[in-house]
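As a plain string of letters, each chain reads:
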Amino acid sequence: MTVSGNIKGLKKGTLYLQQFKDSTLAILDSLEIKGDGAFNFSTEVSEPEVFYLYLKKEDNNDINDRITFFGEPGTITINTAWNTFDTDVEISGSKSHEKLLEFHEMASKFNIKELGLLQQASNLDTEKDSLVLDSLQRLVNQNTISRYRYALNFGLNNGNSYATPYILMTEASEANPKYLDSIYKGLTPEVAASKYGKEFKVFLDKNN
């Protein structure tokens with residue numbers, strides 16, 4: 001896998017390619033950037049997996065930035081800017097990442113709706129507005145159910161994506177095990193035999 005791209009406006013910093021190995025975030029490669037935000041990494045990949053680009057900026061800012069992406073064999077292009085490193089990023093060349101992005105774009109709508117409802121609730125008087133609070137709580141619960149329903153439908157409709165078991169474990173782990181088991185059974189043999197397919201099976205066995 002080749003990961004290349006540009007970090008617009010970055011003058012100085014260190015960029016790391018990272019991956020979880022045995023529950024530890026390992027550094028696969030690093031690059032010191034001076035005056036030019038272009039970068040290129042290359043590493044061996046046998047199947048689609050989650051990787052991270054971590055930027056340690058030399059700007060006296062304690063908050064550093066990390067991009068999560070699904071890597072896979074081939075060429076992946078990542079373009080971003082130093083000041084919006086992990087919030088406004090373009091990633092191309094990975095079918096698995098496209099599926100991850102598709103899921104997150106929809107999931108974020110549920111998250112935004114929930115934040116709006118909780119904000120409304122925080123502005124109310126607990127005693128005076130108890131009926132309104134109860135109504136808002138019901139809407140929050142309905143939104144949560146809708147979010148899980150979307151995640152489960154996504155899993156059922158994308159059994160051929162390596163991103164699916166990863167998404168279900170990270171975004172819908174509290175869903176009904178019976179439904180999660182149905183999704184596992186719908187995975188293609190290749191996906192079921194992958195790293196996250198195997199981890200999904202272990203997760204299901206522990207929770208059934």
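Quick notes on the rules
- Residues numbered from 1 in each chain as written.
- Predicted model: local features only at pLDDT ≥ 70, side-chain atom pairs only at ≥ 80, totals over all residues.
- Heavy atoms only, no water.
- Pairing = 2+ DSSP bridges.
- Helix = DSSP H or I, 4+ residues; strand = E, 2+ residues; numbered from the N terminus.
- Axes fitted to C-alpha atoms, helices over the stretch in contact; angles between N-to-C directions.
- Salt bridge = Lys/Arg side-chain N within 4 Å of Asp/Glu carboxyl O.
- Buried < 20%, exposed > 50% of the residue type's maximum accessible area, 1.4 Å probe, protein only.
- Arc of directions from axis to C-beta.
- Contact = heavy atoms within 4.5 Å.

Some details on the sheet that holds strand 5 (residues 49-57)
So, step 1. Strand order in the open sheet made by the 4 strands is 3-2-5-6, with antiparallel pairing throughout. Whereas interior strands pair on both sides, the edge strands pair on one side only; in this sheet they are strand 3 (24-34) and strand 6 (65-71). Strand-to-strand twist in this sheet, taken as the mean axis angle between neighbours without regard to direction, amounts to 25°.
So, step 2. With 7 bridges connecting them, strand 5 and strand 6 associate as antiparallel partners. Bridging from a neighbouring strand, Leu53 pairs with Ile67 of strand 6.

Things to note about the sheet that holds strand 8 (residues 90-92)
So, step 1. The strand order 4-1-7-8 describes an open sheet built from 4 strands, whose pairing is mixed. Of all the strands in the sheet, just strand 4 (38-42) and strand 8 have a single pairing partner and so form its edges. Neighbour-to-neighbour, the strand axes of this sheet turn through a mean angle of 15°, independent of strand direction.

Describing the pattern of salt bridges
Opposite charge on two side chains makes pairing possible when the charged atoms of those side chains draw close.
So, step 1. Under the definition given, this model contains 6 salt bridges.
So, step 2. One salt bridge connects Lys99 with Glu102, and the closest N-O pair in it is separated by 3.2 Å. Remark: Glu102 and Lys99 occur in helix 1 (residues 95-122); sequence separation between them is 3 residues, near one turn of the helix.
So, step 3. A relative accessible area of 23% means that Lys99 is categorised as partly exposed.
So, step 4. A salt bridge links Asp181 to Lys185; the nearest nitrogen and oxygen atoms lie 3.1 Å apart. Highlighted residues: Asp181 and Lys185, both in helix 4 (residues 177-185), separated by 4 residues, approximately one helical turn.
So, step 5. Relative accessible area serves as the criterion here: at 65%, Lys185 is assigned to the exposed category.

Looking at the pairing of strand 1 (residues 2-8)
So, step 1. As paired elements, strand 1 and strand 4 share 5 bridges and run antiparallel to each other. When the bridges of strand 4 are listed, Val3 appears paired with Phe41.
So, step 2. Note: strand 1 against strand 7 (residues 75-81), 7 bridges, orientation parallel. Each residue of the ladder has a partner; that of Thr2, found in strand 7, is Thr75.

Remarks on helix 4
So, step 1. Listed as buried for helix 4 are Leu180, Ile183 and Tyr184. Seen along its axis, helix 4 keeps its buried residues to an arc of 100°; they face one direction. The exposed residues of helix 4 that point more than 90 degrees off its buried face are Lys178 and Lys185.
So, step 2. On the buried face of helix 4, the contacting elements are helix 2 (130-157), helix 3 (163-171), helix 5 (189-192) and helix 6 (195-207).

Comments concerning the environment of Val89
So, step 1. Following the sequence through the fold, Val89 ends up in the loop between strand 7 and strand 8.
So, step 2. Through-space distance from the C-alpha of Val89 to that of Gly186 is 32 Å; in sequence the pair is 97 residues apart.
So, step 3. For Val89, the contacting residues outside a window of four places in its chain are Ile67, Ile78, Asn79 and Thr80.

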